[in-house]
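Listed below, chain by chain, are the residues.
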Amino acid sequence: MIPPIVLHGLIYGGVAAIALLTLTAWGIWFERKFAGRMQSRLGPTMVGWAGLLQPLADVLKLLQKEDLVPAQADRTLYLLSPPLTVFFTLATVAVIPFGVDVAVANLPIGVPWILAFSGLMVFPVWTAGWASANKYALLGAMRAVAQGISYEIPMLLTALVPVIFAGSMNVNEIVRWQAEHHWIALWPPGPGLFAFVIFFLSCLAEANRIPFDIPEAESELVAGVTTEYSGMRFGLFYLAEYLHTLVASAVASALFFGGWNGIFGLPDGIHWMLAKTLTLFFLITWIRWSLLRFRADQLMRICWTYLVPASLALVMISALWVHYAPQLGPMWGG
Amino acid sequence: MSEVWTSTLVFLLLSAVVAASLLWVSRALRVRAKHSSELKGATYECGEEPDGPAWVRFHPRYYVVALVFVLFDVEAVFLFPWALNIGRLGLFAIVEMALFIAILLFGWAYAIRKGALEWQ
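Reference entry: report on the structure contained in this document. (Residues numbered from 1 in each chain as written. Chains lettered and ligands numbered in written order. Predicted model: local features only at pLDDT ≥ 70, side-chain atom pairs only at ≥ 80, totals over all residues. Heavy atoms only, no water.)

Quick notes on helix α1 (residues 4-38) of chain A
So the rule is basically this: In this text, helices come from DSSP runs of H or I with a minimum length of four residues, and strands from runs of E with a minimum of two, each type numbered from the N-terminal end. Expected helix span is computed as 1.5 Å times (number of residues minus one).
If you check α1(A), its first and last C-alpha atoms are 49 Å apart, about what 35 residues at 1.5 Å a residue would give, namely 51 Å. Phi for Ser40(A), located one or two positions after α1(A), is positive at around 55 degrees.

Side note on the nonpolar core
Filter applied, for reference: We call a set of buried Ala, Val, Leu, Ile, Met, Phe, Trp, Tyr and Cys residues a nonpolar core when their side-chain atoms join them within 4.5 Å. Partly exposed residues are those whose accessible area sits between 20% and 50% of the maximum for their type, while under 20% is buried and over 50% is exposed, using a 1.4 Å probe and protein chains only. By the convention used here, residues are in contact when the closest approach between their heavy atoms is within 4.5 Å.
Residues Val111(A), Phe199(A), Leu255(A), Phe256(A), Trp304(A) and Trp82(B) are the most contacted members of the largest nonpolar core, which totals 115 residues. Counting residues per element, this core draws most heavily on helix α6 (residues 135-166) of chain A, at 16 residues. The residues touching Trp304(A), leaving out its near neighbours within four places in the chain, are Ser150(A), Ile153(A), Pro309(A), Val65(B), Val68(B), Phe69(B), Phe72(B), Trp108(B), Ile112(B) and Leu117(B).

So, the side chain of Thr158(A)
All names here are of chain A. Under the convention used in this document: Side-chain atoms alone can form a polar contact between residues adjacent in sequence; in general such a contact is a pair of N or O atoms within 3.5 Å, and within protein one must be able to donate a hydrogen while the other accepts it.
Position of Thr158 among the secondary structure elements: in helix α6. One polar contact links the side chain of Thr158 to the main-chain carbonyl oxygen of Pro154, over a distance of 2.7 Å. When sequence neighbours within four positions are dropped, the list of residues in contact with Thr158 reads Ala195, Ile198, Phe199, Phe256, Ser311 and Leu314.

A short note on the environment of Ala141(A)
Residues and elements named next belong to chain A. Positionally, Ala141 belongs in helix α6. Distance from Ala141 to Pro124, taken between C-alpha atoms, is 9.5 Å for residues 17 residues apart in sequence. For Ala141, the residues in contact, after removing those within four places along its chain, are Val125, Trp126, Gly129 and Val225.

Some points on the environment of Glu3(B)
With respect to the helices, strands and loops of the structure, Glu3(B) is situated in helix α1 (residues 2-29). In this structure, the C-alpha to C-alpha distance between Glu3(B) and Leu71(B), residues 68 residues apart in sequence, is 35 Å.

Digging into a nonpolar patch on the surface
So the rule is basically this: Exposure above 30% relative accessible area and the lack of any salt bridge qualify a residue for a patch; like charges then connect within 9 Å, and the nonpolar side chains Val, Leu, Ile, Met, Phe, Trp and Tyr within 5 Å. Here, Shrake-Rupley sampling with a 1.4 Å probe gives the accessible areas, and only protein chains in the shown set may cover a residue. Salt bridges are identified by distance alone: a Lys or Arg side-chain nitrogen within 4 Å of an Asp or Glu carboxyl oxygen.
Together, Ile2(A), Leu7(A), Leu10(A), Ile11(A), Tyr12(A), Val15(A) and Val102(A) give the surface a local cluster of nonpolar side chains, amounting to about 560 Å² of exposed area. Tracing the sequence through the fold places Val102(A) in the loop between α3 (75-92) and α4 (110-120).

Side note on the packing of aromatic side chains
Selection rule: The criterion for an aromatic pair is that two Phe, Tyr or Trp rings (for Trp, the six-membered ring) have centres within 6.5 Å, with stacked assigned to planes under 30 degrees apart, edge-to-face to planes over 60 apart and tilted to the rest. The rule for a charge over a ring is simple: NZ of Lys or CZ of Arg within 6 Å of the ring centre, and within 35 degrees of the ring normal.
Evaluated as defined, the whole model comprises 21 aromatic pairs over all chains. Arranged with centres 6.2 Å apart and planes meeting at 65 degrees, the rings of Trp113(A) and Trp5(B) form a pair that is edge-to-face. Of this pair, Trp113(A) sits in helix α4 while Trp5(B) sits in helix α1, placing the two residues on different chains. Residue classification places Trp5(B) among the partly exposed positions, given a relative accessible area of 35%. Taken together through their ring pairs, the aromatic side chains of Trp183(A), Phe196(A), Phe199(A), Phe200(A), Phe256(A) and Phe257(A) make up a single cluster. Seen from the ring of Tyr62(B), Arg61(B) lies directly overhead, with NZ or CZ sitting 5.9 Å from the centre.

Observations concerning the interface of chain B and chain A
Spelled out, the test is: Reported buried area values correspond to the accessible surface (1.4 Å probe) lost by two parts on association, with both partners' losses combined. Residue polarity is assigned by list, with Asp, Glu, Lys and Arg as charged and Ala, Val, Leu, Ile, Met, Phe, Trp, Tyr, Cys and Pro as nonpolar; anything else, Gly included, falls into the polar class.
Each partner contributes residues to the interface: chain B has 65 residues there, and chain A has 79 residues. Note on chain B versus chain A: buried area summed over both sides is about 6400 Å², and carbon and sulfur give 80% of it. Across the chain B-chain A interface, the total number found is one salt bridge. Seen at the junction of chain B and chain A, the total is five residue pairs in polar contact (both at pLDDT 80 or more). Among the secondary structure elements, those contributing two or more residues to the side of chain B that touches chain A are α1, α2 (61-84) and α4 (91-113) of chain B. In terms of residue count, α1(B) provides more of the side of chain B that touches chain A than any other element does, 19 residues in total. When its residues are assigned to classes, the side of chain B that touches chain A shows 47 nonpolar, ten polar and eight charged.

Here it is, written out as structure tokens:
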């Protein structure tokens, strides 16, 4: 007999994982279609209606490819890195509240949990680059690690702003607090919104998305850490990148935009979480196909000279606000 | 309390299985080359013969960035319990943390001034 709590983890976790992987596949389809339209192309059209089955076809193709390991490579690390990236990204999902009080696990340390697994992502990327025994991969990995650890600081600090307001590190509690008071991105005017912007930028950098995709800059580094990878192992890196983008969107909507809380007092629920997450995902896609890539030195300067002190200031302002300003009632009345 | 951790653990196992299962399916489906050549396992350098070992020395600025990162990361560890208890501790805690951050910013300003975080 399986204990009910294990069953809870299995069912909720299974549904969440499958839903996210499906969303990721369609996210990839959406991005390719969107990119096509932005560049006056059609994007995928052949497989299924409007190319909707294209991600499935891609997965099938990748599954059949030969699994190459370069002769010079450090075999164990080389083979282990791609599944680890997917594992760390997926593990973050455990604490994200999708519906009202619905999460795989309502951990009291939700926010540190998310940040910890996001931070761990540096390791598989580094081992992949090192183990490939390829100069492009090594350079890409060095850049990815430098960028990943640098942008982790503003991410950590701005994630503190919702924690300060809600007085809890449980992500569901933070959403509940926002439902009872106000969305952190909207009020207080200033700190909340700026914290969201910095958090969002750091998420883009952590997920290696344009304008922060220096680690895999195609024009200079071939494909960065994924240069030597083929078949499904390459597919796992690709999957992890999009999964990371989606998960980051979900985390940002939960921490700053009230997660499952409805607007104008409309009923709360999973549809709001989905709508907010997809809106942010759309925003990321839009940014990707509109902006150019930063240079490595610009990237580091933006982080250390501007974002780090700015997020420290935001933390202090939020603390003062919580101490001095009266707490507001529900934003949407009721 | 422990129930939450049980379902977390279950989910971690599930995530690992999901990550690995794609590779298992791939193992069943993928093609295997009948013949292999030495060139196939060669390091990819845009079609040129690989030049020297790939594990080259890299710039020490990466090391400096990692050092500054550790400084701020440890600071964030101190900030989390503080952030949870601002309501209870009041102005005293805010002033204390302002002092702590001011000292850290001193180190940050020194690093900037020394050009430790410049990349050109």
